[in-house]
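Spelled out from the first residue to the last, the chains are:
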Amino acid sequence: MGFDYYAILDIPRTASEVDIRLAYRKLAVRCHPKNDFHDVPQIPFPSMSLEHYWELLNEAFDVLSNAHRRQIYDLYGEEGLKSGVVTPAGFVPPYKFSNDCMKIYKDFFATYSPYGDFIDAVTRPPPLCADDPTAVRVKGPDIVHPIELSLEEIFHGAIKKMRIIREEFADEAQVEMVLVEDTIPVHVPPGVPSGTSIRFPEAGNRGPKIIPSDIVFVVTESNHDRFRRDGVDLHAVQNISLENALIGFSLEIEGIDGRQIVTQIVDIVDPHYVKIFEGEGLPFPEDTTQRGDLFVTFEVSFPNFIPKELREKFRTVFQELNCPE
């Protein structure tokens, strides 16, 4: 039977991101393997060994501090998280804990020490390292957040207000540390490629012995109900009848900018037929006055049944067209 990550951190399932970080901060310092305990630390599972709880604590924080992993865990439980699940956005690979508890601890506290750097930094931190020529400031790791955009937002560009939580000095003397919640306006230019990183230098966690980390937002695209993106080009599929495929029709399609594109199709629409609308794709990131193309392919709906008399008429027509049977 699996473990309840919320119970391991001793928090309710409704806990906020701040609650999760505060719970880990409290328990990780108490249970650090190199902590010289004066009293045996109290943990949510008294019958469990401290070594086992330390591993589960870091695994629980690794899952619940990641919004995507937490969502999968809340919906599908530990079994779904560790087996992989199929979601509307595709298959989510299985989660596997790295077992590198000390790396998780160091990424959070910017030190491996169970007390020295951390306890001083939280309760009675020294001034920044400028007053200590022997200290070396290390830049904190990037704090990476996905920023999901629709194709319309990618076409027009957008300003997304992203909520973040970071460690900050509580006073001008830089004596105390607190967790603060902030909102960062992220300017997304038109035509931005998927996977683009938008970096805010040194906007992340502060600390007396670290250079503030960078906050990085990585662009991801949400699935669109009509278009598929390929660079600056767009692809769409249009359903038509067999009649339209053979005798032509008026094609009307809504572009990514909301305009109605109308044209007359006079060609026979065979399985390889593609209608190209130049300049109806996404803007080029380096020159937003230029746009890619829109490629429309067609799926032809065939009748489920044709009466014998009508088949003979079709046969006659195709013979007149010199078409092979």
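Remember, it's a predicted structure, so these values are computed and weren't measured experimentally.

Chemist: Go over unusual backbone geometry, please, and point to the residues and values.
Modeler: Negative phi is the rule for most residues except glycine; trans is the rule for most peptide bonds. A positive phi angle, close to 60 degrees, is found at aspartate 10, a residue other than glycine. Along the chain, the position of aspartate 10 falls in the loop between α1 (5–9) and α2 (17–31). The backbone phi angle of asparagine 99 is positive, close to 65 degrees, even though this residue is not glycine. When you line up the elements, asparagine 99 lands in the loop between β2 (90–92) and α5 (101–109).

Chemist: Describe the sheet that holds strand β17 (residues 294–301), and please don't skip the residues or the numbers.
Modeler: Read from one edge to the other, the open sheet built from four strands follows the order β10-β11-β17-β14, with strand pairing classed as mixed. Every interior strand has two partners, whereas the edge strands, β10 (228–230) and β14 (274–277), have only one. The average angle at which neighbouring strand axes cross in this sheet is 30 degrees, direction not considered.

Chemist: I'd like to hear about a nonpolar patch on the surface, residue by residue, with values.
Modeler: Together, Leu310, Phe314, Val317, Phe318 and Leu321 make up an exposed nonpolar region whose accessible area comes to about 420 Å². Secondary-structure assignment places phenylalanine 318 in helix α9 (residues 308–320). Among the residues examined, phenylalanine 318 registers a relative accessible area of 35% and is labelled partly exposed.

Chemist: Break down the environment of arginine 291 for me, with residues and values.
Modeler: Within the secondary structure layout, arginine 291 lies in strand β16 (residues 287–291). C-alpha separation for the pair arginine 291 and glycine 191, spaced 100 residues apart in sequence, amounts to 8.9 Å. Once residues within four sequence positions are removed from consideration, arginine 291 is found in contact with Phe155, Ile256, Asp257, Gly279, Glu280, Gly281, Leu282, Pro283 and Phe284. Polar side-chain contacts of arginine 291 include one of 3.5 Å to the side chain of aspartate 257. A distance of 3.3 Å separates a polar atom in the side chain of arginine 291 from the backbone oxygen of glycine 279.

Chemist: Explain the packing of aromatic side chains to me, and be specific about the residues and the numbers.
Modeler: Scanning the model with the defined rule gives ten aromatic pairs in all. Relative to phenylalanine 108, the ring of tyrosine 24 has its centre 5.2 Å away and its plane inclined at 75 degrees; by these criteria the two rings are edge-to-face. Separated by 84 residues along the polypeptide, tyrosine 24 in helix α2 and phenylalanine 108 in helix α5 bring together distant segments of the chain. Exposure remark for tyrosine 24: the relative accessible area of 0% places this residue in the buried category. Note on phenylalanine 108: relative accessible area 6%, which makes it buried.

Chemist: For the pattern of salt bridges, give the residues involved together with the corresponding values.
Modeler: With the rule as written, the count across this model stands at 16 salt bridges. A salt bridge links aspartate 257 to arginine 291; the nearest nitrogen and oxygen atoms lie 3.5 Å apart. Here aspartate 257 is found in the loop between β12 (249–254) and β13 (260–265), whereas its partner arginine 291 is found in strand β16, with 34 residues between them in sequence.

Chemist: Could you give me a rundown of α5, with the residues and numbers involved?
Modeler: An α-helix turns once every 3.6 residues. As a result, residues three or four positions apart point the same way. Looking only at α5, the buried set comprises Cys101, Ile104, Tyr105, Phe108 and Phe109. All buried residues of α5 lie within an arc of 115 degrees about the axis, which places them on one face of the element.

Chemist: Break down the side chain of aspartate 62 for me, with residues and values.
Modeler: Here aspartate 62 lies in helix α3 (residues 50–64). Setting aside its immediate chain neighbours within four residues, aspartate 62 contacts Arg69, Tyr95, Phe97 and Ile104.

Chemist: Any details on the sheet that holds strand β4 (residues 143–149)? Residues and values, ideally.
Modeler: As summarised here, the arrangement of the three strands in space is β4-β9-β7, forming an open sheet in which the pairing is mixed. Looking at strand neighbours, the two that pair on one side only are β4 and β7 (197–200), the edges of this open sheet. The sheet shows a mean angle of 25 degrees between the axes of neighbouring strands, taken without regard to direction. Looking at chain direction, β7 and strand β9 (residues 215–221) are connected through four bridges and run antiparallel. Bridging from a neighbouring strand, serine 197 pairs with valine 218 of β9.

Chemist: Which residues make up the packing of α2 against α5, and what are the values?
Modeler: In contact at an axis separation of 12 Å, α2 and α5 are set at 120 degrees when each is read in the N-to-C sense. It follows that α2 is oblique to α5 by the angle criterion. Where α2 crosses over α5, the two elements pack in a sense that is left-handed. Across from Arg21, Tyr24, Arg25, Ala28 and Val29 in α2, the residues of α5 making contact are Ile104, Tyr105, Phe108 and Phe109. Grouping the amino acids of the contact of α2 with α5 by side-chain chemistry returns seven nonpolar, no polar and two charged.

Chemist: An account of helix α4 (residues 67–83) is needed here, citing residue identities and associated values.
Modeler: In a regular helix each residue adds 1.5 Å, so 17 residues correspond to 24 Å; α4 covers only 18 Å between its end C-alpha atoms and thus falls short of that length. Taken as a whole, α4 carries its principal kink of about 125 degrees at tyrosine 76. For α4, the set of buried residues is Arg70, Ile72, Tyr73, Glu78, Gly80 and Leu81. Next to the buried residues of α4 lie α1, α2, α3, β1 (85–87) and β2.

Chemist: Quick rundown of the pairing of β13? Include the residues and the values.
Modeler: Burial along β13 is one-sided: Ile261, Thr263 and Ile265 are buried, and none of Gln260, Val262 and Gln264, which face the opposite way, are. Where β12 and β13 come together, six bridges link them in antiparallel fashion. Bridge assignment links leucine 251 to a residue of β13, and that residue is threonine 263. Where β12 folds back on β13, the antiparallel hairpin that results is connected by five residues, among which glycine 258 adopts a positive phi of roughly 90 degrees.

Calculation rules
- Residues numbered from 1 in each chain as written.
- Predicted model: local features only at pLDDT ≥ 70, side-chain atom pairs only at ≥ 80, totals over all residues.
- Heavy atoms only, no water.
- Helix = DSSP H or I, 4+ residues; strand = E, 2+ residues; numbered from the N terminus.
- Pairing = 2+ DSSP bridges.
- Axes fitted to C-alpha atoms, helices over the stretch in contact; angles between N-to-C directions.
- Patch = residues over 30% accessible without salt bridge, like charges linked within 9 Å, V, L, I, M, F, W, Y side chains within 5 Å.
- Areas by Shrake-Rupley, 256 points an atom, 1.4 Å probe, with all protein chains shown as cover.
- Salt bridge = Lys/Arg side-chain N within 4 Å of Asp/Glu carboxyl O.
- Buried < 20%, exposed > 50% of the residue type's maximum accessible area, 1.4 Å probe, protein only.
- Contact = heavy atoms within 4.5 Å.
- Polar contact = N/O pair within 3.5 Å; in protein donor to acceptor, adjacent residues only side chain to side chain.
- Phe/Tyr/Trp six-rings, centres within 6.5 Å; stacked < 30°, edge-to-face > 60°.
- Arc of directions from axis to C-beta.
- Parallel < 35°, antiparallel > 145°, perpendicular 65-115°, else oblique.
- Left-handed = near helix turned anticlockwise from the far one by under 90°.
- Nonpolar A, V, L, I, M, F, W, Y, C, P; charged D, E, K, R; others polar.
- Expected span 1.5 Å × (residues − 1).
- Bend = angle between axes of the 7 residues up to and from the residue.

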